Amino acid sequence: MKKKLLLFGNNKPLITDFFLQGEDTFECMSCSQIYSDMKLHHKYYDMDAAVYCISSEKREDMANVLQFVQDTIQKEQAPFIVISDNFGYDALCRMPGGKADLHINIMESFSAICEHITDYIVRGKNSEPETESQLPTDIDFLLSEENLLAQIESEMRDLIERPRILLVDDSTIIHKTIKSYLGNKYDVSSAISGPAALRFLKTKEVNLILLDYEMPEMDGVEVLKKLRSDPKTAHVPIIFLTGINDTSKIQKALALKPNGYLLKPIDRALLMEKLKELIK
C-alpha cells in the first residue's frame, strides 16, 4: 500500500519529483505554508508523514509549519520529515521545536530520499516495546549481528562497484525515464539545473555526467565550460542530451569536445552502449 505524504515548502522541483517520480511509492498531496491551509489538508487527508521541502524559506513560514507540527503532527505521533541542505535545517533547528524526526540532505538522489522516508515510516509503525519473551538470547544476538555485518559488507561492495552517474536535466520526465533505464546497474544522482550540478560536484565524485544541452538559468554549454576548467571535474566523461535538430547548435556543442551526445527521446540501447564505452 502506498504511503501518504503531505508535502509543503518552497522546493517546488522536489515536490514535483514526488508527484512524478515517486508516484509508484507514495500518494501525495501538497499545500501552502499557511497555517489554516495545512490544518485543513490534515483534517481531510489521512497522511503517514508530513514532509517539509525547504528552499529559502521565510522565518514566518517556518514558524507556521512548526506550529502546525506541534498542534497536529506530534499529537498523532506521525513523523515530521525535513528535506534540505544543512544550512536550511540549521535555521529550522534554531527555532523552538524545530528539530525534525528525520532530516534528509537534499544532495541525496531522489531514489535514496524515497528509501529513507519509506524505511522511517515502516520502522516507526512496526516498532513495539519488547516483552521478556521477545528479548534475544546471546546466540540469537550473535547470529543477527553476523547477518547484519554480512549485509553491510554486501551493500558496501555494491556501492563500491556500482558507478555513479550525475544526470543534469530540468525535465523530471527525463530523470524518471533514464533512471528506469539504468536500473540497479548504476547509481544515478539527480540535478535539475546547472548550478545544482556544480554544487553537487564540489563534494561528490562521479564516473560520468549526462548533461542536458538546453536548460534555463545556465545551459549545458556553460556548465560544460565550467566543468572542463575545474581540475577536479576536467577528466569526467560528459554526454550531452539534446532534443534539438539544429546542426549549428550541435556543432557548437561538439566543438567543446564532450565525450558524446544522445538525441531525445533517449534510446536505451544507445545509452547503455555509450556508458559501457566510457565507464571503465
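This text gives an overview of the structure that appears in the document. The structure displayed is predicted, hence computed values, not measured ones.

Here is what the cut-offs are and how they apply
Residues numbered from 1 in each chain as written. Predicted model: local features only at pLDDT ≥ 70, side-chain atom pairs only at ≥ 80, totals over all residues. Heavy atoms only, no water. Core = buried A, V, L, I, M, F, W, Y, C linked by side-chain atoms within 4.5 Å. Buried < 20%, exposed > 50% of the residue type's maximum accessible area, 1.4 Å probe, protein only. Helix = DSSP H or I, 4+ residues; strand = E, 2+ residues; numbered from the N terminus. Contact = heavy atoms within 4.5 Å. Patch = residues over 30% accessible without salt bridge, like charges linked within 9 Å, V, L, I, M, F, W, Y side chains within 5 Å. Areas by Shrake-Rupley, 256 points an atom, 1.4 Å probe, with all protein chains shown as cover. Salt bridge = Lys/Arg side-chain N within 4 Å of Asp/Glu carboxyl O. Pairing = 2+ DSSP bridges. Axes fitted to C-alpha atoms, helices over the stretch in contact; angles between N-to-C directions. Expected span 1.5 Å × (residues − 1). Bend = angle between axes of the 7 residues up to and from the residue. Lys, Arg positive; Asp, Glu negative; His and termini not counted.

1. A word on the nonpolar core
One broad trend across soluble globular proteins is that nonpolar side chains are buried collectively.
Okay, step 1: Ranked by internal contacts, the top residues of the largest apolar core, which has 23 residues, are Phe8, Tyr52, Phe68, Phe80, Val82 and Leu92.
Okay, step 2: Mapped by element, the contributors of at least two residues to this core are strand 1 (3–8), strand 3 (49–53), helix 3 (59–76), strand 4 (80–84) and helix 4 (86–93).
Okay, step 3: Looking at this core element by element, the count peaks at six residues for helix 3.
Okay, step 4: Excluding residues within four positions of it along the chain, Tyr52 makes contact with Phe8, Gly9, Gln33, Glu57, Asp61, Met62, Val65, Phe80, Ile81, Val82, Ile83 and Leu92.

2. Side note on a nonpolar patch on the surface
Okay, step 1: A cluster of nonpolar side chains, Leu254, Tyr261 and Leu263, forms an exposed patch at the surface whose accessible area comes to about 250 Å².
Okay, step 2: Turning to its location among the elements, Leu263 is positioned in strand 10 (residues 260–263).
Okay, step 3: The class of Leu263 is partly exposed, set by a relative accessible area of 40%.

3. Focus on the sheet that holds strand 2 (residues 26–30)
Okay, step 1: Strand order in the open sheet made by the five strands is 2-1-3-4-5, with parallel pairing throughout. Here the strands that pair on one side only, and so sit at the sheet edges, are strand 2 and strand 5 (102–105). Recorded for the sheet is a direction-independent mean angle of 25° between the axes of neighbouring strands.
Okay, step 2: Across four bridges, the pairing between strand 3 and strand 4 is parallel. Counted as the bridge partner of Val51 is Ile81 from strand 4.
Okay, step 3: Strands strand 1, strand 2, strand 3 and strand 4 of the sheet are contacted by helix 1 (residues 12–20), whose axis makes an angle of about 140° with strand 2.
Okay, step 4: In this fold helix 4 packs onto strand 3, strand 4 and strand 5, with an angle of close to 140° to the strand it touches most, strand 4.

4. Some remarks on helix 3
Okay, step 1: Taking 1.5 Å per residue, 18 residues should reach 26 Å; helix 3 reaches 25 Å between its end C-alpha atoms and fits that length.
Okay, step 2: In the structure, helix 3 departs most strongly from a straight axis at Val69, where the bend amounts to approximately 40°.
Okay, step 3: Those residues of helix 3 that sit buried are Asp61, Met62, Val65, Leu66, Phe68, Val69, Thr72 and Ile73.
Okay, step 4: Packed against the buried residues of helix 3 are strand 1, helix 2 (35–44), strand 3, strand 4 and helix 4.
Okay, step 5: Two residues or fewer after helix 3 comes Gln77, characterised by a positive phi angle close to 60°.

5. A few points about the sheet that holds strand 9 (residues 238–242)
Okay, step 1: Across the sheet, five strands lie side by side as 7-6-8-9-10; this open sheet has parallel pairing. Strands with a single pairing partner mark the edges of an open sheet, and in this sheet they are strand 7 (187–191) and strand 10. On average, each strand axis in the sheet is inclined to that of its neighbour by 20°, with strand direction left out of account.
Okay, step 2: Here strand 8 (residues 208–212) pairs with strand 9 via four bridges, running parallel. Pairing of Leu211 across the sheet is with Phe240, part of strand 9.
Okay, step 3: Its contacts with the sheet place helix 9 (residues 220–229) against strand 8 and strand 9, and it is angled at close to 175° to strand 9.
Okay, step 4: The strands that helix 11 (residues 268–278) touches are strand 6 (164–168), strand 8, strand 9 and strand 10; relative to strand 8, the one it contacts most, it runs at about 140°.

6. Structural notes on the pattern of salt bridges
Okay, step 1: Summed over all chains, the structure comprises five salt bridges.
Okay, step 2: Residues Asp169 and Lys264 are paired through a salt bridge, measuring 2.9 Å at the closest nitrogen-oxygen approach. Taken together, the positions of Asp169 in the loop between strand 6 and helix 7 (172–182) and Lys264 in the loop between strand 10 and helix 11 put the pair 95 residues apart, joining distant regions of the chain.
Okay, step 3: On the accessibility criterion, Asp169 (0% relative accessible area) is buried.
Okay, step 4: In this structure, Lys274 and Glu277 form a salt bridge, with 3.7 Å as the shortest nitrogen-oxygen distance.

7. Structural notes on the side chain of Asp17
Okay, step 1: The residue Asp17 is located in helix 1 in this model.
Okay, step 2: Comment: no salt bridge for buried Asp17; closest opposite-charge side chain is Lys179, at 6.7 Å.
Okay, step 3: Sequence-distant contacts of Asp17, defined by excluding residues within four places in its chain, comprise Gly22, Phe110 and Thr172.

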